[in-house]
2 protein chains.
Amino acid sequence: MHSFQQLVTLFDEQLQTASIFPTTLPSLYEPCNYFLGIGGKRVRPISCLMANELFGDLTEDAWNAAFGVELFHNFTLMHDDIMDNAPLRRGKQTVHERNGLTAGILCGDVVCIKAYQQLSKIKNSLPQVLQLFNTTAIEVCEGQQLDMEFEQRDEVTVEEYLEMITLKTSVLLACSLKMGAILGGASEANAQKIYEFGINTGIAFQLKDDYLDAFGDPNKTGKQVGGDILANKKTFLALHASKQATNKQQHILAEHNESNPTSKIERTLEYFVKTASDKACKDAIAFYSTKAFECLEEVIVPASRKKPMQDLATFLLERDY
Amino acid sequence: MHSFQQLVTLFDEQLQTASIFPTTLPSLYEPCNYFLGIGGKRVRPISCLMANELFGDLTEDAWNAAFGVELFHNFTLMHDDIMDNAPLRRGKQTVHERNGLTAGILCGDVVCIKAYQQLSKIKNSLPQVLQLFNTTAIEVCEGQQLDMEFEQRDEVTVEEYLEMITLKTSVLLACSLKMGAILGGASEANAQKIYEFGINTGIAFQLKDDYLDAFGDPNKTGKQVGGDILANKKTFLALHASKQATNKQQHILAEHNESNPTSKIERTLEYFVKTASDKACKDAIAFYSTKAFECLEEVIVPASRKKPMQDLATFLLERDY
């Protein structure tokens, strides 16, 4: 069995060795290699591999699934960056910013097809894995559509927000885990519990992101507080606060909307606290984290095999950075 | 066995019945239905079905392949329209023009995934079909990349142009045919001949497009002559002419480049004739058409089964509209 960090190292090595993109036609493939090289936490492929190792030694099929899910994730990021008009990702230029709109679209497309090419190499349970993956991929698109729509809408409920982050973020994590489990020979019940572990972990992870953006310690997160506030993002905190706030509180906040950034962040944080939205967010994180750990508990494998996965969940859910 | 027209009618009926897109989330799926409804000639899915019928009764797998290939083709059109800045397709608004850039990208993405969802339903020879399809899908992206690059480049050879249209157009037709054949139980040799039939037919078809744009009868094509000329497209005719032309001829043409459209078209057509590019194009069409019919000839099935496919090839290759 491997730890998270060991798997990250292994994954990046294998990704290099796999030479996913040919050296021909660099105008198409160089931006793909560039973007994949920006890195990120590789949470999805590592989750797939870890779920696979719950049931035995890592299988070749699990590696193909891990490559497929990481490629798919990168495809969605490339296209999301266009839709979000984002010039940077992880501090590096996005593809459409660096190589133009055509590259942003077409490189994304070819990375998506490369994802399917990797998945198609799976030898056991291919139809079952593809069915799960296709359903998930469609849900991810639906989540992105909802996210785009919410930006334009006046009112979004906390429930709608939770549905959106489930589709946009959690289902792909859950799918990665379940693919790894299926390809490790898991029973249907075990595979389903792993999937639910992923859904709950994904939601808790996203809510933690929302919370840390507002109440995190900049010395730990490495980010300025209040990015979401300045971008007027409809996070859990903002949606909960707007539901709880009295008309007077909303009115006072709106008056500060045009003030300088520091003041806007300060007033909004006060407003989050006054409406007990900070507490509601922490409660929600605890709720989904508990559910996640319960699901993992219910996976029937020797307890010793669960150690890396528990460490991963702890890392994802109890981080304060 | 069915004729081309019978299969078109059947395909459009089955596409309706299949309800590919759910009724939920109309902001995402309505533009997909709209675009798929614009129609087109359905050449790829019908080719798939026809190749399937060469070897016996139509199979359910062939229907899923036919849906998959038509969805994939529509995905590429949606994204190509963005890259080409095209406001119209077949006289109707393109998706990005009608619903915005985000819809153009995201609806394309979900249509691509839906293509894979259909293909994943195939029960026999799934790995083989997916491998063929993935390779083809990547080639289509490469063809689009080359097409975009050629627009920016000063010099493109006729050979490079033929490679580009092979990737952008022919391989998907060839893949459709081969999938149908494989799913009909064709031998490897027969499937390969059908694939080559598709490659040659696709090239001849595209060259005919180039030829008719310049020398077609507007009463038959229903289009004004010279659309490609006004758009300064690097067609077979333009590339061949520019290679053959003397410096003086190129110079005279360049002088007319800024003149009024009618005069520009007239001068360019003269230039195509003087450089014998019209004849070279007709020769190339004849060359690839002959190769196509030869490949079809070499498919070993009872001659009577080939009738619809021969009619299709005749329709595609000998049209003057």
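Along every chain, residues carry numbers that run from 1 in the direction the sequence is written. For this description, chains carry letters from A and ligands carry numbers from 1, given in the order in which they are written. With pLDDT at 70 or above as the cut-off, local features in this predicted model cover only qualifying residues; side-chain atom pairs require 80 or more to be listed or tallied, and sums for whole chains, interfaces and linings still use all residues. Only heavy atoms go into the side-chain values, all of them from the structure, while hydrogens and water stay out.

**With respect to the overall build of chain A**
Under the convention used in this document: A run of H or I in DSSP becomes a helix once it reaches four residues, and a run of E becomes a strand once it reaches two; helices and strands are each numbered from the N terminus. Atoms counted for the radius of gyration: C-alpha only. Globule rule: 2.2 Å times residue count to the power 0.38. Only the protein chains shown count as cover for residues, and the accessible areas themselves come from Shrake-Rupley with a 1.4 Å probe. Positive charge is attributed to Lys and Arg, negative charge to Asp and Glu, and no charge count is given to His or to the chain ends. Here the site of a charge means NZ on Lys, CZ on Arg, CG on Asp, or CD on Glu.
Secondary structure assignment for chain A yields 16 helices and two strands. Compactness check: chain A gives a C-alpha radius of gyration of 20 Å against a globular reference of 20 Å for 321 residues, within 12% of the reference. Approximately 14000 Å² of chain A is accessible, and the part contributed by carbon and sulfur atoms is 50%. Charged side chains of chain A number 31 positive and 42 negative; the gap between the two group centres comes to 3 Å.

**What to know about the nonpolar core**
Under the convention used in this document: We call a set of buried residues a nonpolar core when its members are Ala, Val, Leu, Ile, Met, Phe, Trp, Tyr or Cys and they connect through side-chain atoms within 4.5 Å of each other. With a 1.4 Å probe rolled over the protein chains alone, any residue whose accessible area is under 20% of its type maximum counts as buried; one over 50% counts as exposed, and the rest are partly exposed. Each domain's extent is set by a domain assignment, obtained either automatically or from a database. Between two residues, a contact is recorded if the distance between any of their heavy atoms is within 4.5 Å.
The biggest cluster of nonpolar side chains holds 230 residues, and the ones touching the most others in it are Leu207(A) and Leu207(B). If you count residues domain by domain, this core takes at least three from each of domain 1 (1–186) and domain 2 (188–321) of chain B. If we ignore the near neighbours within four places in the chain, the residues touching Leu207(A) are Tyr161(A), Leu162(A), Ile165(A), Phe236(A), Cys281(A), Ala284(A), Ile285(A) and Tyr288(A).

**Quick word on helix 7 (residues 126–152) of chain A**
Applied cut-off: By definition here, a helix of n residues has an expected span of 1.5 Å times n minus one.
The end-to-end C-alpha distance of helix 7 of chain A, which contains 27 residues, comes to 40 Å, matching closely the 39 Å that a straight helix rising 1.5 Å per residue would cover. Most of helix 7 of chain A is tucked away, with 19 of its 27 residues classed as buried.

**Focus on the interface of chain A and chain B**
To keep things clear, this is the line we draw: Summed over both partners, the accessible area (1.4 Å probe) lost when two parts come together is defined as the buried area. Two N or O atoms count as a polar contact when they lie within 3.5 Å, although within protein this holds only if one can serve as hydrogen donor and the other as acceptor, and sequence-adjacent residues are included solely when both atoms are side-chain atoms. Side-chain classes follow a simple rule in which Ala, Val, Leu, Ile, Met, Phe, Trp, Tyr, Cys and Pro form the nonpolar group, Asp, Glu, Lys and Arg form the charged group, and the remainder, Gly included, forms the polar group.
Residue-level contacts link 35 residues of chain A with 35 residues of chain B. Of all residues in chain A, the largest losses of buried area upon contact with chain B belong to Leu106(A), Ile113(A) and Ile138(A), amounting jointly to 18% of the total for that side. On inspection of chain A and its partner chain B, the count reaches ten residue pairs in polar contact (both at pLDDT 80 or more). If you list the elements that add at least two residues to the side of chain A that touches chain B, you get helix 2 (26–37), helix 4 (60–83), helix 6 (101–119) and helix 7 of chain A. By residue number, the principal contributor to the side of chain A that touches chain B is helix 7 of chain A, which donates 14 residues. Its residues placed into classes, the side of chain A that touches chain B shows 22 nonpolar, nine polar and four charged.

**Structural notes on helix 2 of chain A**
Those residues of helix 2 of chain A that fall on the buried side of the exposure criterion are Leu28(A), Tyr29(A), Pro31(A), Cys32(A), Tyr34(A), Phe35(A) and Leu36(A). Directly after helix 2 of chain A, the chain includes Gly39(A), whose backbone phi takes a positive value near 95°.

**Points about the environment of Cys281(A)**
All names here are of chain A. Inspection of the secondary structure puts Cys281 in helix 15 (residues 277–297). For Cys281, a relative accessible area of 0% puts it in the buried group. Between the C-alpha atoms of Cys281 and His240, which are 41 residues apart in sequence, the distance is 8.5 Å. Non-local contacts of Cys281, meaning those with residues more than four positions away in its chain, are made with Leu207, Tyr211, Phe236 and Leu237.

**Considerations on the environment of Arg44(B)**
All names here are of chain B. Positionally, Arg44 belongs in helix 3 (residues 43–53). Exposure remark for Arg44: the relative accessible area of 18% places this residue in the buried category. In contact with Arg44, not counting residues within four places along its chain, are Val69, His73, Leu172, Leu173 and Ser176.

**Some details on the pattern of salt bridges**
Residues and elements named next belong to chain B. For the record, the criterion: Each reported salt bridge corresponds to a side-chain nitrogen of Lys or Arg within 4 Å of a carboxyl oxygen of Asp or Glu.
Taken as a whole and assessed by the stated rule, the structure comprises 26 salt bridges over all chains. Notably, a salt bridge pairs Lys193 with Glu298, separated by 2.9 Å at the nearest N-O pair. One end of the pair, Lys193, is in helix 9 (residues 188–215); the other, Glu298, is in the loop between helix 15 (277–297) and helix 16 (307–318), and 105 residues separate them in sequence. The exposure class assigned to Lys193 is partly exposed, which follows from its relative accessible area of 23%. Relative accessible area serves as the criterion here: at 42%, Glu298 is assigned to the partly exposed category. In this structure, the salt-bridge partner of Arg267 is Glu270, at a minimum N-O distance of 3.8 Å.

**What to know about the relation of the copies chain A and chain B**
Rules: We place the copies in one frame by least squares, fitting the C-alpha atoms of every residue whose pLDDT is at least 70 in both.
Note on the copies: chain A fits chain B at an RMSD of 0.0 Å, the axial shift is 0.0 Å, and the rotation between them is 180°. On the angle and the small slide along the axis, the relation comes out as a two-fold axis. When you check the interface residues of chain A against chain B, 100% turn up at the interface there too, and the contact is symmetric in its surfaces.

**Topic: the packing of helix 1 (residues 4–18) of chain B against helix 3 of chain B**
Residues and elements named next belong to chain B. The condition that has to hold: Axis definition: a line fit to C-alpha positions, over the contact stretch in the case of helices; interaxial angles, taken between N-to-C directions, run 0 to 180 degrees. Crossings are classed by handedness, with left-handed meaning an anticlockwise turn of the near helix from the far one by less than a right angle and right-handed meaning a clockwise turn.
Contact geometry of helix 1 with helix 3 gives a least axis separation of 10 Å together with a crossing angle of 115°. With respect to the hand of their crossing, helix 1 and helix 3 are arranged in right-handed fashion. Residues Phe4, Leu7, Val8 and Phe11 of helix 1 touch helix 3, and the partners they reach there are Pro45, Ile46, Leu49, Met50 and Glu53. Partitioned by chemical class, the residues of the contact of helix 1 with helix 3 number eight nonpolar, no polar and one charged.

**Thoughts on the packing of aromatic side chains**
Working definition: an aromatic ring pair is given by the centre-to-centre distance plus the angle between the planes. To be explicit about the condition: Aromatic pairing here means that ring centres of Phe, Tyr or Trp (its six-membered ring) are within 6.5 Å. Orientation follows from the plane angle: under 30 degrees is stacked, over 60 is edge-to-face, and everything else is tilted. Put simply, a charge is over a ring when the Lys NZ or the Arg CZ is close to the ring centre, within 6 Å, and near the line of the ring normal, within 35 degrees.
Tallied over the entire structure, the rule returns 23 aromatic pairs over all chains. Ring geometry for Tyr211(A) and Phe215(A): centres 5.3 Å apart, planes at 35°, overall tilted. Linking Tyr211(A) with Phe215(A), this pair stays in helix 9 (residues 188–215), spanning four residues, or about one helical turn. Three or more aromatic residues joined by ring pairs form one cluster here, namely Phe72(A), Phe75(A), Tyr116(A), Phe133(A), Phe72(B), Phe75(B), Tyr116(B) and Phe133(B). The positively charged end of Lys178(A) is found above the aromatic ring belonging to Tyr195(A), 5.6 Å away from the centroid.

**Some remarks on the state of the cysteines**
All names here are of chain A. Quick note on the threshold: The rule for a disulfide is simple: a pair of cysteine sulfur atoms within 2.5 Å.
All told, the structure shown has zero disulfides over all chains when counted by the stated rule. Cys107 provides the cysteine sulfur closest to Cys32, a residue in no disulfide bond, and the two sulfurs are 4.1 Å apart. For Cys32, a relative accessible area of 1% corresponds to the buried category.

**Thoughts on the packing of helix 9 of chain A against helix 16 (residues 307–318) of chain A**
All names here are of chain A. Convention followed: These descriptions rest on fixed angle ranges, namely under 35 degrees for roughly parallel, over 145 for roughly antiparallel, 65 to 115 for roughly perpendicular, and the rest for oblique.
Contact pair helix 9 / helix 16: the axes reach a minimum separation of 8 Å and the direction vectors enclose 30°. Relative to helix 16, the element helix 9 lies roughly parallel. Each of Phe197, Thr201, Ala204, Phe205 and Lys208 in helix 9 lies in contact with helix 16, whose residues at this interface are Met309, Ala313, Leu316, Leu317 and Glu318. In terms of residue class, the contact of helix 9 with helix 16 is built from seven nonpolar, one polar and two charged.

**Overview of the side chain of Asn52(A)**
Residues and elements named next belong to chain A. By secondary structure assignment, the location of Asn52 is in helix 3 (residues 43–53). A polar contact is formed between the side chain of Asn52 and the backbone oxygen of Leu183, at a distance of 3.5 Å. Those residues within four positions of Asn52 in sequence are excluded, and the remaining contacts are Asp57, Leu58, Thr59, Ala62, Gly180, Ala181, Leu183 and Gly184.

**Focus: the confidence of the model for chain A**
A low pLDDT score tells you not to read the predicted coordinates there in detail. Operational definition: One number per residue, pLDDT, summarises how confident the predictor is, and it ranges from 0 to 100.
In this model, chain A carries a mean pLDDT of 94, and residues with pLDDT of at least 70 account for 99%. Two summary scores accompany this predicted model of the complex, namely pTM at 0.96 and ipTM at 0.95.

**Focus: unusual backbone geometry**
You will see that Asn85(A), though not glycine, has its phi angle at about 55°, which is positive. A positive phi angle is found at Asn232(A), which is not glycine, with a value near 55°.

**Quick look at the side chain of Ser289(B)**
Residue and element names in this part refer to chain B. As for its position among the elements, Ser289 is in helix 15. Judged by relative accessible area, Ser289 falls into the buried class, the value being 10%. With sequence-adjacent residues up to four places away left out, Ser289 is seen in contact with Ala204 and Leu317.

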